[in-house]
Amino acid sequence: MDNSVPKSSSAHTSDQISSNRVSDWLNRNAGNVFILPSVIIVLLLSIFPLIISAYLAMTRLKFVQGGFDITFVGFKNFEKLLDGSEKRHFRGDLEALAPYQWLVVAVVVALLVYALWRYMRSADYKVGGLIYRAITFGILSWGVYFVMQNLSPEGRPGTVVVTLIYVFIGLFLQYFIGLGLALLTTQNLPGKRIFRVIFLLPMMITPVGIGYTFRMMTDTSKGPFEPFWAVLGLTDFSWVSDPWGARWAVIITDTWQWTPFVFIILLAAIEGLPNELFEAAHVDGASKWQIFWNITLPQIVPVSATVVLIRMIEAFKIIDLPNILTFGGPGTATESLTLHSFFAWRTLDVGGSAAIAYMLMFISLFICISYANLIYQKVVR
């Protein structure tokens, strides 16, 4: 009697076993399978260009007939920025500090030393954390000294300090104006819904449109506000002829554009707070200031820390407004690091442009990571 299994049945069984194994593997690794396409896209669109730009930052690229010529130069593009032909453009003129600037540096260093001392006495104290904070605070102290050298009476800010001015002054104005508008529109005021919509309009306009609008508004000779400037006796004044006037024009424009972003997030955070807290405070006889300081502000601190981090990351990339408003002028007074990199790329200095972009990445990474580790994590916990 022949008990052998037919070949077709054996092949079918083998295929079924293989199919089951594949199904079991897919079930066990479903998360990885679904995430894999996104990872591949990120690698292609982010990591790969990052690696290529790192290589370009260490080369000198020249376009020649029939193609291009790449010469590896190591860190010479970075040396050019830090201590070469581009040092005045990149890091500015470093001059002696005035007495009040030494006071600012001393106050900042004292606050950082106090924060380090507080950490050493806290329950979270670790040797690794102490070393990290000591290094970070040392770099921050040197950074404040560097900024003060640029802002001294005889100094001249380079694109590094100009970018930091945009980031921190812009963040300060945007947060507090946005918080004020959010608190205002949560009150029982007539027409507050209309004002909420109006406050959001700047965020819906393209940066190019905003840039050209404010470029016309700051024109005191023939802009739409020329009669207003004439009444103030400022018809012969030009925003772009004075370095700080031009910088303030960029800061005001950027604040007008991005305050709605901060406003809408803080408004949602405030309106999401439970009414029971405010009702209990009113019953206890608390004033509006006490309610804000002891209830509203502590409750929205995590959201505030998040929106500050998001805006900080975005603010380091500012390019459109200074380019449209002032073309980076007068001279390089309003030129951000991103605009500096763009101008270098436009003159076919691809290696130099990549080096500037990497320096921007290093600076923004250090500041944002320091903020996230030292402030954001404690606040959000």
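Note that this is a predicted model, so its numbers are computed, not measured.

**Student:** What am I meant to see in the side chain of Arg196 here?
**Tutor:** Looking at the element boundaries, Arg196 is found in helix 8 (residues 192–200). The buried category is assigned to Arg196, whose relative accessible area is 17%. Once residues lying within four places of it in the same chain are set aside, the contact partners of Arg196 are Thr185, Thr186, Phe263, Leu267 and Glu271.

**Student:** Which parts of the structure should I look at to understand the packing of helix 7 (residues 159–185) against helix 11 (residues 243–271)?
**Tutor:** Put simply, helix 7 and helix 11 touch, their axes get as near as 6 Å, and they point 40° apart. With respect to each other, helix 7 and helix 11 are oriented oblique. For the crossing formed where helix 7 meets helix 11, the hand is right-handed. The residue inventory of the contact of helix 7 with helix 11, partitioned by class, reads 21 nonpolar, six polar and two charged.

**Student:** What is the right way to look at the pairing of strand 1 (residues 59–64) in this model?
**Tutor:** Remember that side chains alternate between the two faces of the sheet whenever the strand is regular. As defined by bridge partners, strand 1 adjoins strand 2 (residues 67–72) across six bridges and the pair is classed as antiparallel. Bridge pairing in strand 2 links Lys62 to Asp69.

**Student:** I tried to follow the pattern of salt bridges on my own but got confused; where do I start?
**Tutor:** As a working rule, side chains carrying opposite charge can pair if their charged atoms are close by. Inspection of every chain in the model, using the stated rule, returns eight salt bridges. For Lys80, the salt bridge identified is with Asp349, shortest N-O distance 3.2 Å. With Lys80 in helix 3 (residues 76–83) and Asp349 in the loop between helix 15 (337–346) and helix 16 (350–380), this pair connects stretches of sequence that are 269 residues apart. We classify Asp349 as partly exposed; its relative accessible area is 27%. The closest approach of N and O atoms between Arg91 and Asp83, which form a salt bridge, is 3.9 Å. A relative accessible area of 59% means that Asp83 is categorised as exposed. Several salt bridges converge on common partners, so that one network encompasses Asp83, Lys87 and Arg91.

**Student:** Explain helix 15 here, please?
**Tutor:** Owing to its 3.6 residues per turn, the α-helix brings residues three or four apart onto one side. With seven of ten residues buried, helix 15 is to be regarded as a mostly interior element. Looking at helix 15, one finds that the buried residues are Leu337, Thr338, Leu339, His340, Ser341, Phe343 and Ala344. Immediately downstream of helix 15, the backbone of Leu348 shows phi near 70°, a positive value.

**Student:** I keep staring at a nonpolar patch on the surface and nothing clicks. Help me out?
**Tutor:** Taken together, the side chains of Ile35, Leu36, Val39, Ile40, Ile41, Val42, Leu43, Leu44, Leu45, Ile47 and Ile51 present a nonpolar region at the surface, about 1,000 Å² in accessible area. As for its placement among the helices and strands, Val39 is situated in helix 2 (residues 30–57). Assessed through its relative accessible area of 39%, Val39 is described here as partly exposed.

**Student:** How should the side chain of Asp93 be read in this particular structure?
**Tutor:** Following the sequence through the fold, Asp93 ends up in the loop between helix 4 (87–90) and helix 5 (99–120). A polar contact of 2.8 Å, which involves the side chain of Asp93, links it to the side chain of Arg88. Beyond its immediate sequence surroundings of up to four residues, Asp93 is in contact with Arg88, Gln149, Asn150, Gly155 and Arg156.

**Student:** Would you mind showing me how to read the packing of aromatic side chains here?
**Tutor:** To describe a pair of aromatic rings, one takes the distance between the centres and the angle between the planes. Taken as a whole and judged by the stated rule, the model has 16 aromatic pairs. Relative to Phe78, the ring of Phe75 has its centre 6.2 Å away and its plane inclined at 50°; by these criteria the two rings are tilted. We classify Phe75 as exposed; its relative accessible area is 54%. Taking relative accessible area as the criterion, Phe78 reaches 12% and is therefore assigned buried. Aromatic side chains Phe195 and Phe199 sit 6.1 Å apart centroid to centroid with 35° between the ring planes, which places their arrangement in the tilted category.

**Student:** I keep staring at the environment of Ile318 and nothing clicks. Help me out?
**Tutor:** Secondary-structure assignment places Ile318 in the loop between helix 13 (288–315) and helix 14 (320–325). What makes Ile318 buried here is its relative accessible area of 6%. Residues Ile318 and Leu339 lie 21 residues apart in sequence; the distance between their C-alpha atoms is 7.8 Å.

**Student:** Could you clarify how one ought to interpret helix 3 in this entry?
**Tutor:** Taken together, the buried positions of helix 3 are Asn77, Phe78 and Leu81. Seen along its axis, helix 3 keeps its buried residues to an arc of 100°; they face one direction.

About the cut-offs
- Per chain, residue numbering runs from 1 following the sequence as it is written.
- Whole-chain, interface and lining totals are the exception, using all residues; otherwise, since this is a predicted model, local features are given only for residues with pLDDT of at least 70 and side-chain atom pairs are given and counted only at 80 or more.
- Water and hydrogen atoms were dropped before computing side-chain values, which therefore reflect all heavy atoms in the structure.
- Every helix listed is a DSSP run of H or I at least four residues long, and every strand listed is a run of E at least two residues long, numbered separately from the N terminus.
- For every residue, the accessible area obtained with a 1.4 Å probe (protein chains only) is divided by the maximum for its type, and the residue is called buried under 20%, exposed over 50%, and partly exposed between those limits.
- The contact criterion used throughout is that any non-hydrogen atoms of two residues lie within 4.5 Å.
- Simply put, an axis is a line fit to the C-alpha atoms, just over the touching stretch for a helix, and the angle between two N-to-C directions goes from 0 to 180 degrees.
- In this scheme, roughly parallel covers angles under 35 degrees and roughly antiparallel covers those over 145, while 65 to 115 is roughly perpendicular and the rest are oblique.
- Handedness of a crossing is defined here by the sense of rotation of the near helix relative to the far one, left-handed for an anticlockwise turn of less than a right angle and right-handed for a clockwise turn.
- Residue type decides the class: Asp, Glu, Lys and Arg count as charged, Ala, Val, Leu, Ile, Met, Phe, Trp, Tyr, Cys and Pro as nonpolar, and the leftover types, Gly among them, as polar.
- Strands pair, by our definition, only if DSSP identifies at least two bridges between them.
- Salt bridges are identified by distance alone: a Lys or Arg side-chain nitrogen within 4 Å of an Asp or Glu carboxyl oxygen.
- Within this analysis, patches are made of residues with over 30% relative accessible area and no salt bridge. Like charges are joined at 9 Å or less; nonpolar side chains (Val, Leu, Ile, Met, Phe, Trp, Tyr) at 5 Å or less.
- Accessible surface area values rest on a Shrake-Rupley calculation with a 1.4 Å probe, where residue burial reflects the displayed protein chains alone.
- What qualifies as a polar contact is a pair of N or O atoms within 3.5 Å, subject to a donor-acceptor requirement within protein and to the restriction that residues adjacent in sequence count only when both atoms come from side chains.
- The rule is short: rings of Phe, Tyr and Trp, with Trp giving its six-membered ring, pair when the centres are within 6.5 Å, and they are stacked under 30 degrees, edge-to-face over 60, tilted in between.
- Picture the helix axis, draw a direction to every C-beta atom, and the arc is the one those directions span.

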